[in-house]
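Read off the chains here:
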Amino acid sequence: ENLLQNQVALVTGAGSGIGRAAALRLAQNGGKIALIDLHKKNVEEVKNQIEEMGSEALVLEANVAHPKEVETCYKRTIDQWGRLDVVFANAGINGKVAPIEDLEPKEWDLTISNNLTSTFLTVKYAIPYLKKEGGSIIITSSINGNRIYKNIGMSAYSTSKIGQMGFGKMAALELAKYGIRVNIICPGAIETSINQNTWKENEQLKKVEIPIEYPEGNQPLKHKPGKAEQVADLVLFLASTQSNHITGSEIYIDGAESLL
Ligand code: NAD
């Protein structure tokens, strides 16, 4: 069944990990996908894969922490296909992992602007287009900062992730009158390049003797860590009308990792 037939979706952070898997899943279901990432090269590969499936894609190199760049992405998407139905606000970074004492204000700002301000911008500039016929916005938060606080050294990341949760719920309430749904997904440890970076940086933290619990081995379900494709299935469900009575919800996809 083509759940997104004739629909247009914009995906941020589409060059890697969860964003890439979601872009492919939405395209497999008939969606035309605007692929946003800092790195054009990675999204070009995704575009080729989408075209091989027989759907359409648009490559947009942009930094979603910058208002003008986000606005331009929407303009180009509308120029290309004339409509917008789904927005996956997913781009994010781990940012600097360091004890609060050592975290520089500019490092804090970088994480907050990449993860939280970018979410505000991605939602804000979508509204004029989505409000015509309604639509679905999905925000990638995390269990980190919402249910667990074990990754010492990730204070800026956790703050940005719980910030996305508050923002997403306010947006759901505010945009319901236009038939725009907003849901927040909270993955646990998922195998993507973001986590390779975290684990590398955590090794450094170990050297300064801050105890870190590794996500591996912390999931009750056997398939650990989770896969980007598993998150992509949830994104497809939330993007489609199958979930049309779900808005303002936080959905955990973590194999119960956050309950331990
Ligand atoms: P990833 O590093 O594989 O992919 C993230 C992509 O976002 C990269 O291609 C990167 O270039 C892009 N990006 C980052 N900042 C950007 C910006 N300002 N503008 C445009 N593109 C930008 O990581 P991932 O694991 O797929 O992460 C996706 C989201 O999932 C993030 O918001 C992350 O916080 C969240 N998340 C990941 C995990 C996990 O375990 N992997 C767990 C919980 C939440």
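About the thresholds
- Residues numbered from 1 in each chain as written.
- Predicted model: local features only at pLDDT ≥ 70, side-chain atom pairs only at ≥ 80, totals over all residues.
- Helix = DSSP H or I, 4+ residues; strand = E, 2+ residues; numbered from the N terminus.
- Buried ≥ 20, exposed ≤ 12 C-beta atoms within 10 Å, placed from the backbone.
- Pairing = 2+ DSSP bridges.
- Axes fitted to C-alpha atoms, helices over the stretch in contact; angles between N-to-C directions.
- Contact = placed C-beta atoms within 7 Å.
- Parallel < 35°, antiparallel > 145°, perpendicular 65-115°, else oblique.
- Left-handed = near helix turned anticlockwise from the far one by under 90°.
- Nonpolar A, V, L, I, M, F, W, Y, C, P; charged D, E, K, R; others polar.

**Student:** What is the right way to look at the overall build of the chain in this model?
**Tutor:** Regarding its fold elements, the chain presents eight helices and nine strands. Relative to its full complement of 260 residues, the chain shows a buried share of 47%.

**Student:** It is not clear to me how the sheet that holds strand β9 (residues 250–253) should be interpreted in this structure. Could you clarify?
**Tutor:** In sheet architecture, strand pairing relies on hydrogen bonds along the backbone and comes in two forms, parallel and antiparallel. A sheet is described by the order of its strands in space; here seven strands give the open sequence β3-β2-β1-β4-β5-β6-β9, paired in parallel fashion. Two strands in the sheet have a free side with no partner beyond their single neighbour: β3 (57–61) and β9. On average, each strand axis in the sheet is tilted by 15° relative to the strand beside it, whichever way the strands run. Here five bridges tie strand β1 (residues 8–12) to strand β2 (residues 32–37), and the two strands are oriented parallel to one another. By the bridge assignment for β2, V8 is matched with K32. Contacts between helix α1 (residues 17–28) and the sheet are confined to β1, β2, β3, β4 (86–89), β5 (135–140) and β6 (180–187), with β1 contributing the most and set at about 170° to the helix.

**Student:** Is there a simple way to think about the packing of helix α4 (residues 105–124) against helix α6 (residues 155–175) in this case?
**Tutor:** Angle between the axes and distance between the axes: these two values describe a pair of packed helices. At a minimum axis distance of 9 Å, the contact between α4 and α6 shows a crossing angle of 15°. With respect to each other, α4 and α6 are oriented roughly parallel. Crossing of α4 against α6: the hand is right-handed. Of the residues in α6, those in contact with W108, T111, I112, N115, L116, T119, F120 and V123 of α4 are A156, Y157, T159, S160, K161, G163, Q164, F167 and A171. For the contact of α4 with α6, a count of residues per class yields nine nonpolar, seven polar and one charged.

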